[in-house]
Amino acid sequence: MKKYILSLDQGTTSSRAVLFEKSGRAAGVSQIEYTQIYPGNGWVEHDANEIFSSQLEAARNVLEKCGASADDIAAIGITNQRETTILWDKNTGEPVCNAIVWQCRRTADICEGYKQQGLEKFFRDKTGLLIDPYFSATKIKWILQNVPGVRERAERGEILFGTVDCWLIWKLTGGKTHATDMTNASRTMLYNIHRMEWDKEILGLLGIPERILPKVVPSSGEIGICDADIFGSEIPITGCAGDQQAALFGQKCFTKGDVKNTYGTGGFLLMNTGDIPAASSHGLLTTIGWGIGNEVTYALEGSVFIAGAAVKWLRDEMGLISSAAESERVAMSVESTEGVYIVPAFTGLGAPYWQPEARGVITGLTRGSGRAHIVRAVLEAIAYQTADVLHAMEEDVGRLGSVRVDGGASSNNFLMQFQSDILGIDITRPENVESTAIGAAFLAGLACGFWSGKDELLSLGGSFEKFSPVMTPKQREDHLAGWKKAVKCAMPQEQ
């Protein structure tokens, strides 16, 4: 009997590996941070080879930590930072350039050109997405246009494209499997989420050769076989989903109307909308939640580009805290921000604004403003951005009752209480906030028979902690009014 599912959780700032037991308990975790590359204003890159090497190191570390071998692993599940774009040589396996990260805004002009042509509805109707540099499509176009020789090689069939999941699958299978799952495909702005296929009209418009694109497979099922050279024995890869969809599944949001919010590098609020691709008229995205067999579950999503990354900024660039955990104590050392607001629009603003040219601002500074006010304002900004998304979701679907939370920053009690206060609803936090990693494990485990079905997943234990609002409606209104003023200051100013 196999003991574990190995979950590979490839994030924006680190690669993690988690071994999950049949009880759903994490037997071991390993995490490796890797290099962030900022070659220009609003540009963000990663070294694709370092992504793989750090993920491999994390996986080998967790096996060693748990005294496990490949023979103990029933299957591998993969979850990943979405939209990040990698093109590589089919024969050598070498990337043609650094990976262009989902946060990167270098294609803002390309996107603006399509908007000027009135193509927003064209893209929206097919892909469920807005035209934005966030998604993979214009990143691919940029590489084909700007890296010498790549377009010609792509048209000859020598180049492959993949999001990070696809890159990991290709590397783990020794180049035998070039595939992505439908959740990741739905984030490229190239995939028709109604017809379940790469959209030829969009590919023609962007000048992207279809032959570079991977095969699209369900999120739970036989995807590929990890080479014996990697871990010592072959292991089936049977689960794959973009990080936010994996978290939705990991939070067991199996019922239409269930909502979760993940606080990672960015912040992502997703609602299960069942078998219907619900359209939004308030800046949210229609996306695929997961695919199991022939059944597709859709989701409505609001994306905040900078959440936990703002806390990392406080630590690494500003030197105001020595660890993310310290932010809670520092924030609670003052009773309020004393009117200081921070809008962390370091790479533009996501939902519901979709303004790639917005940039970060600090407002309300006085001579008395200090370190603690700045730290507290950053944590509050994460909650305000989430509130913007939730309010947009409520405009689309009606009042929400509660939100399940996960991700690194959800362990911050100050942030969770302020989030509940500013939303005016209950927040529930599971004992295990590894929802992204366990979601990938669940998808893999269902496909290989490690778990029998969703009912067994629902029966897996774990306690929840609830945060309820204590702020008065007047206080909430005043806080949100100040936030809205600060957001206006972050928007690009007319010359």
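Look up a bit, the structure's there.
Computed from a prediction, not measured in an experiment: that's the story for all the values here.

S.K.: So what's going on with the pattern of salt bridges? Which residues, and what values?
M.R.: A side chain with one charge may pair with a side chain of the opposite charge, provided their charged atoms come close. For the structure shown, the criterion picks out 31 salt bridges. Between Glu-158 and Arg-156 there is a salt bridge, with the nearest N and O atoms lying 2.8 Å from each other. Judged by its relative accessible area of 24%, Glu-158 falls in the partly exposed class. In this structure, Arg-404 and Asp-258 form a salt bridge, with 3.6 Å as the shortest nitrogen-oxygen distance.

S.K.: Residues and numbers for the environment of Lys-171, please.
M.R.: Looking at the secondary structure, you find Lys-171 in helix α6 (residues 164-172). Not counting residues within four places of it along the chain, the set of residues in contact with Lys-171 comprises Asn-49, Phe-52 and Ile-230.

S.K.: With reference to specific residues and values, describe the nonpolar core.
M.R.: Proteins that are soluble and globular tend to have nonpolar side chains buried together. Leu-87, Leu-190, Val-343, Ile-422 and Trp-451 are the most contacted members of the largest nonpolar core, which totals 133 residues. The element that contributes the greatest number of residues to this core is helix α13 (residues 371-397), accounting for 15 residues. Among residues more than four places away in sequence, those in contact with Ile-422 are Ala-383, Tyr-384, Ala-387, Met-471, Arg-476, His-479 and Leu-480. Grouped together as the second largest cluster of nonpolar side chains are 40 residues, Ala-68, Val-164, Cys-226 and Cys-240 included.

S.K.: Just give me the short version of helix α3 (residues 120-127), but keep the residues and values in it.
M.R.: When α3 is considered as a whole, its buried residues turn out to be Phe-123, Arg-124, Lys-126 and Thr-127. Residues of α3 that are buried sit in contact with β10 (191-192), α8 (200-206) and β17 (285-292). Two residues or fewer after α3 comes Gly-128, characterised by a positive phi angle close to 80 degrees.

S.K.: How would you sum up the packing of helix α11 (residues 308-316) against α13? Please name residues and give values.
M.R.: With their axes 9 Å apart at the nearest point, α11 and α13 run at an angle of 165 degrees to one another. Considering the angle they form, α11 stands roughly antiparallel to α13. Read as a crossing pair, α11 and α13 show a hand that is right-handed. Contact with α11, carried on its side by Gly-308, Ala-310, Val-311, Trp-313 and Leu-314, involves Ile-374, Val-375, Val-378, Leu-379 and Ile-382 of α13 and no other residues of that element. Residue composition of the contact of α11 with α13, grouped by class: nine nonpolar, one polar and no charged.

S.K.: Give a detailed account of the packing of aromatic side chains, specifying residues and quantitative values.
M.R.: Taken as a whole and judged by the stated rule, the model has 25 aromatic pairs. Pairing Tyr-191 with Trp-198 gives two aromatic rings, centres 5.4 Å apart and planes at 75 degrees, and the pair type is edge-to-face. Here Tyr-191 matches Trp-198 in class, with each residue buried. With a centroid separation of 5.5 Å and 90 degrees between ring planes, the pair formed by Tyr-384 and Phe-418 is classed as edge-to-face. Placement of Tyr-384 in helix α13 and of Phe-418 in helix α14 (residues 413-423) is noted, with a sequence separation of 34 residues between them. Of the two residues examined, Tyr-384 and Phe-418, each falls in the buried class. Members of the aromatic cluster, each reached through a chain of ring pairs, are Trp-102, Tyr-134, Phe-135, Phe-268, Phe-305 and Trp-354. Directly above the ring of Phe-450 sits Lys-22, whose terminal nitrogen or CZ lies 5.9 Å from the centroid. Of note, Lys-454 hangs over the ring of Phe-254, and the distance from its end group to the ring centre comes to 5.4 Å.

S.K.: Explain a negative patch on the surface to me, and be specific about the residues and the numbers.
M.R.: A cluster of acidic side chains, namely Asp-109, Glu-112, Glu-120 and Glu-357, defines a negative patch on the protein surface. By secondary structure assignment, the location of Glu-112 is in helix α2 (residues 108-116).

S.K.: Quick one: what's the story with α2, residue by residue and with numbers?
M.R.: Looking only at α2, the buried set comprises Ala-108, Ile-110, Cys-111 and Tyr-114. The buried side chains of α2 occupy one side of the element, clustering within an arc of 160 degrees when seen end-on. Turned more than 90 degrees from where α2 packs its buried face, Asp-109 and Gln-116 sit exposed. Considering only its buried residues, α2 is in contact with α4 (136-146) and α8. Note on α2: the residue one or two positions beyond its end, Gly-118, has a positive phi of about 75 degrees.

S.K.: Break down the environment of Pro-133 for me, citing the residues and quoting the values.
M.R.: Here Pro-133 is to be found in the loop between α3 and α4. Overall, Pro-133 belongs to the buried group, its relative accessible area being 1%. Between the C-alpha atom of Pro-133 and that of Pro-236, which follows or precedes it by 103 residues, the distance is 34 Å. Excluding residues within four positions of it along the chain, Pro-133 makes contact with Cys-104, Arg-105, Thr-107, Ala-108, Cys-111, Thr-138, Lys-139 and Pro-356.

S.K.: Got a sec to walk through the state of the cysteines? Specific residues and values, please.
M.R.: By the definition in use, this model includes zero disulfides. Sulfur of Cys-253: no disulfide; nearest cysteine sulfur belongs to Cys-240 and is 19 Å away. A residue is classified by how much of its surface remains accessible, and Cys-253, at 0% relative accessible area, is buried.

S.K.: Which residues make up the side chain of Asp-9, and what are the values?
M.R.: Inspection of the secondary structure puts Asp-9 in strand β1 (residues 4-10). What makes Asp-9 buried here is its relative accessible area of 10%. For Asp-9, the residues in contact, after removing those within four places along its chain, are Ser-14, Ser-15, Arg-16, Gln-55, Thr-79, Thr-436 and Ala-437.

Cut-off values and rules
- Residues numbered from 1 in each chain as written.
- Predicted model: local features only at pLDDT ≥ 70, side-chain atom pairs only at ≥ 80, totals over all residues.
- Heavy atoms only, no water.
- Salt bridge = Lys/Arg side-chain N within 4 Å of Asp/Glu carboxyl O.
- Buried < 20%, exposed > 50% of the residue type's maximum accessible area, 1.4 Å probe, protein only.
- Helix = DSSP H or I, 4+ residues; strand = E, 2+ residues; numbered from the N terminus.
- Contact = heavy atoms within 4.5 Å.
- Core = buried A, V, L, I, M, F, W, Y, C linked by side-chain atoms within 4.5 Å.
- Axes fitted to C-alpha atoms, helices over the stretch in contact; angles between N-to-C directions.
- Parallel < 35°, antiparallel > 145°, perpendicular 65-115°, else oblique.
- Left-handed = near helix turned anticlockwise from the far one by under 90°.
- Nonpolar A, V, L, I, M, F, W, Y, C, P; charged D, E, K, R; others polar.
- Phe/Tyr/Trp six-rings, centres within 6.5 Å; stacked < 30°, edge-to-face > 60°.
- Lys NZ or Arg CZ within 6 Å of the ring centre and 35° of its normal.
- Patch = residues over 30% accessible without salt bridge, like charges linked within 9 Å, V, L, I, M, F, W, Y side chains within 5 Å.
- Areas by Shrake-Rupley, 256 points an atom, 1.4 Å probe, with all protein chains shown as cover.
- Lys, Arg positive; Asp, Glu negative; His and termini not counted.
- Charge placed at Lys NZ, Arg CZ, Asp CG, Glu CD.
- Arc of directions from axis to C-beta.
- Disulfide = S-S within 2.5 Å.

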